[in-house]
Amino acid sequence: MSIPSVDVSSLKQRYEKAGQSHLFAFWDKLNADEQAQLAQQLDELDVERVNQVFHTAIKADEEARAGKSHDVQPPPPSSVVNTIHGEAEPAKVEHFRTVGLDAIARGQVGVLLMAGGQGTRLGSTAPKGCYDIGLPSHKSLFQIQAERILRLQHLAAQHAHSSASGSANGNSAAVVIPWYIMTSGPTRRDTEAFFAEHKYFGLQKENIIFFEQGTLPCLSLEGKILLDSTSRVATAPDGNGGLYRALRTPYNKGQPHTVISDLEKRGIKYLHAYGVDNCLVKVGDPIFLGVCLEQGVQAGVKVVKKENPKESVGVVALRDGKFGVVEYSEIPESLSEARDANGELSFRAANIVNHFYTTKFLADDVPAFEPEMAFHIARKKIPTVDLATGSPVKPSTPNGMKLELFVFDVFPFCGDKLAVHEVARPEEFSPLKNAKGTGVDDQDTSRRDLLAQQSRWLAAAGATVSDGTEVELSPLLTYTGEGLESFAGKTLSQSGNIEP
């Protein structure tokens, strides 16, 4: 390996000007390969941005530590739309569904999966989306979501065919919902291999775009970039809010294509973004799309009702007049227990990492305000090297920081235009966070919640599921309980998976 076509002299000048020249401390002692590795890493790094991110983060952190009081208010009623069965007007919900299906049928909708996490806490070394929650079919989270996309494409094509204004011809191949999958450095190769091994779960390979979450250098408490070794900068993922910058970064080295350019080329106007670890997620949910389109917003968020005042969840609220996610620890007890005229918790909009965006917002608006978004500081014990000797340093106390942006950090820049879509927790949210046997947000609760949902669907269709029988319904058979008329009057007494 030889030093790439990098002007090392100008590179040193750039880092000296940025106050980060210490990164060259061991340059003369490195062999050619090590110099090449370091030069390439430093050339690709936007050191000026790193400095700017540090100063913005420190300023926000100091303000937070100063204990400045904030005016915290629930989301204004005009921004909140409830579509929970039994609480919402059925005709209104059906209208939202129609608006969303219209947009999907016109080829204007894509879905974006945040799947950068490894299954470490689950006891797995594979990407989280490869995880099997123990269903009768043993389908992975990736497969469940892929099959929901296939079913939704079919439903949208049917909708277009039966609609007087439809332009599709009823063939499910006529409707495409492209899937953008954000991986991370450690998970990208395994994720792509998993999809290839499973033949993309029936989807077309060209409609699945893999891209990578970014990283940022680890910094000292004074803002100096830390070295992992004498020839390598220490880095860490930049948080799920790194999504926004990653959308504008080429997803294959040496090629210009980005997710944004792909969205624009395909004519995708709207995106549904979600996290990989929710087995109940309604991928590409037409009702959510309809809510956001009818509200005329650039961004939207799905929420479920906070179960009790002490539940440890962040809630969507207004802080000093701006939308954001306020952590439970930041709301005084008197407010967290406050109730509205209907007896509901005033601060109940629990965040479930389920967002709507317009492509225009992601392509034009976010880059304009992105420099103002303050990264969150996590002070950590970060292995580094002694700048005098090059010897490894394993600190016993925090010596540096990792900087993260959260995906909801765009909310304060949405003004009063953020749609808050309130949905039923049992129908839409069962996160997978913990190892099996934990009893909370683990494999068993995910499995339980998904099978319970499908049992409700069968009951609504007129079927009887015998006690102790576990029936799994393939997403290819039903997206959200539709199309189960053939089960009316039947008793299901054998556990297993039902495919179309």
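Since the model is a prediction, treat every value here as computed from it, not as a measurement.

Rules and cut-offs
- Residues numbered from 1 in each chain as written.
- Predicted model: local features only at pLDDT ≥ 70, side-chain atom pairs only at ≥ 80, totals over all residues.
- Heavy atoms only, no water.
- Helix = DSSP H or I, 4+ residues; strand = E, 2+ residues; numbered from the N terminus.
- Buried < 20%, exposed > 50% of the residue type's maximum accessible area, 1.4 Å probe, protein only.
- Contact = heavy atoms within 4.5 Å.
- Areas by Shrake-Rupley, 256 points an atom, 1.4 Å probe, with all protein chains shown as cover.
- Lys, Arg positive; Asp, Glu negative; His and termini not counted.
- Charge placed at Lys NZ, Arg CZ, Asp CG, Glu CD.
- Pairing = 2+ DSSP bridges.
- Axes fitted to C-alpha atoms, helices over the stretch in contact; angles between N-to-C directions.
- Phe/Tyr/Trp six-rings, centres within 6.5 Å; stacked < 30°, edge-to-face > 60°.
- Lys NZ or Arg CZ within 6 Å of the ring centre and 35° of its normal.
- Parallel < 35°, antiparallel > 145°, perpendicular 65-115°, else oblique.
- Nonpolar A, V, L, I, M, F, W, Y, C, P; charged D, E, K, R; others polar.
- Salt bridge = Lys/Arg side-chain N within 4 Å of Asp/Glu carboxyl O.

Trainee: How should I be thinking about the overall build of the protein chain in this particular structure?
Mentor: When its secondary structure is counted, the protein chain shows 13 helices and 24 strands. Referenced to the eigenvectors of the C-alpha coordinate spread, the extents of the protein chain come out at roughly 80 × 55 × 50 Å. Residues counted as buried form 51% of the 500 residues belonging to the protein chain. The long-range share in the protein chain, meaning contacts at least 24 apart out of those at least 6 apart in sequence, stands at 74%. Accessible surface computed for the protein chain: about 22,700 Å², of which carbon and sulfur atoms make up 49%. For the protein chain, the separation between the mean place of its 51 positive charges and that of its 62 negative charges on side chains is 1 Å.

Trainee: What is the right way to look at the sheet that holds strand β7 (residues 219-220) in this model?
Mentor: Within a sheet, each strand pairs with its neighbour through backbone hydrogen bonds, oriented either parallel or antiparallel. Taking strand neighbours across the sheet as the criterion, the 3 strands line up as β7-β19-β16 in an open arrangement whose pairing is antiparallel. One side of each edge strand has no neighbouring strand; the edge strands of this open sheet are β7 and β16 (376-380). Both β16 and strand β19 (residues 400-404) contribute to a ladder of 5 bridges, which runs antiparallel. Across the sheet, the residue bridging to Ile377 is Leu403, located in β19. Contacts from helix α3 (residues 47-65) reach β7, β16 and β19 within the one sheet, and its direction differs from that of β16 by about 90°.

Trainee: What is the right way to look at the packing of aromatic side chains in this model?
Mentor: The relation between two aromatic rings is expressed through the spacing of the ring centres and the mutual angle of the planes. What the rule picks out here adds up to 16 aromatic pairs. Pairing Tyr15 with Phe24 gives two aromatic rings, centres 6.1 Å apart and planes at 75°, and the pair type is edge-to-face. Assessed through its relative accessible area of 10%, Phe24 is described here as buried. By the ring-pair criterion, three or more aromatic residues cluster together here, those being Phe142, Trp179, Phe194, Phe195, Tyr200, Phe201 and Phe210. Sitting over the face of the ring of Phe487, Lys490 holds its NZ or CZ atom 5.9 Å from the ring centroid.

Trainee: Looking at this model, I keep getting lost on the packing of helix α4 (residues 90-105) against helix α9 (residues 286-295). Mind explaining?
Mentor: Geometry of a packed helix pair, given as the angle between the helix axes and the separation of the axes. Put simply, α4 and α9 touch, their axes get as near as 7 Å, and they point 95° apart. What the angle tells us is that α4 and α9 run roughly perpendicular. Contacts between α4 and α9 pair Val93, His95, Phe96, Arg97, Val99, Gly100, Leu101, Ala103 and Ile104 from the former with Pro286, Ile287, Leu289, Gly290, Val291, Leu293 and Glu294 from the latter. When its residues are assigned to classes, the contact of α4 with α9 shows 11 nonpolar, 3 polar and 2 charged.

Trainee: What am I meant to see in the pattern of salt bridges here?
Mentor: Once their charged atoms are close, side chains differing in charge can pair, the charge on each being opposite to the other. On inspection of all chains with the given rule, the structure shows 32 salt bridges. Here Lys433 makes a salt bridge to Asp277, at a shortest N to O gap of 2.8 Å. With a gap of 156 residues between them, Lys433 in the loop between α12 (425-428) and α13 (443-460) and Asp277 in the loop between β11 (270-275) and α9 connect regions that are remote in the sequence. The exposure class of Lys433 is partly exposed, given its relative accessible area of 33%.

Trainee: Whenever I open this one, the environment of Leu263 confuses me. Can you help?
Mentor: The topology assignment puts Leu263 in helix α8 (residues 259-266). Owing to a relative accessible area of 0%, Leu263 belongs among the buried residues under this scheme. Residues Leu263 and Val109 lie 154 residues apart in sequence; the distance between their C-alpha atoms is 9.2 Å. Excluding residues that lie within four positions of it along the chain, Leu263 makes contacts with Tyr180, Ile268, Leu271 and Thr359.

Trainee: Where do I start with the pairing of strand β4 (residues 179-183) in this structure?
Mentor: Within a regular strand, the side chains alternate between the two sheet faces. Within β4, 5 of the 5 residues are buried, leaving the element largely enclosed by the surrounding structure. Of the two faces of β4, the one lined by Trp179, Ile181 and Thr183 and the one lined by Tyr180 and Met182 are each fully buried. Here strand β3 (residues 109-114) pairs with β4 via 4 bridges, running parallel. If you follow Leu112 over to β4, its bridge partner there is Tyr180. Taken together, the 5 bridges between β4 and strand β5 (residues 208-212) define a ladder with parallel strand orientation.

Trainee: What exactly am I supposed to notice about unusual backbone geometry here?
Mentor: The phi angle of most residues is negative, glycine excepted, and most peptide bonds adopt the trans form. Non-glycine residue Tyr200 carries a positive phi angle of around 60°. Structurally, Tyr200 can be placed in the loop between α6 (188-197) and β5. Located in the positive-phi region is Val353, a residue other than glycine, with phi close to 55°. Counting through the fold element by element, Val353 comes out in strand β15 (residues 349-358).

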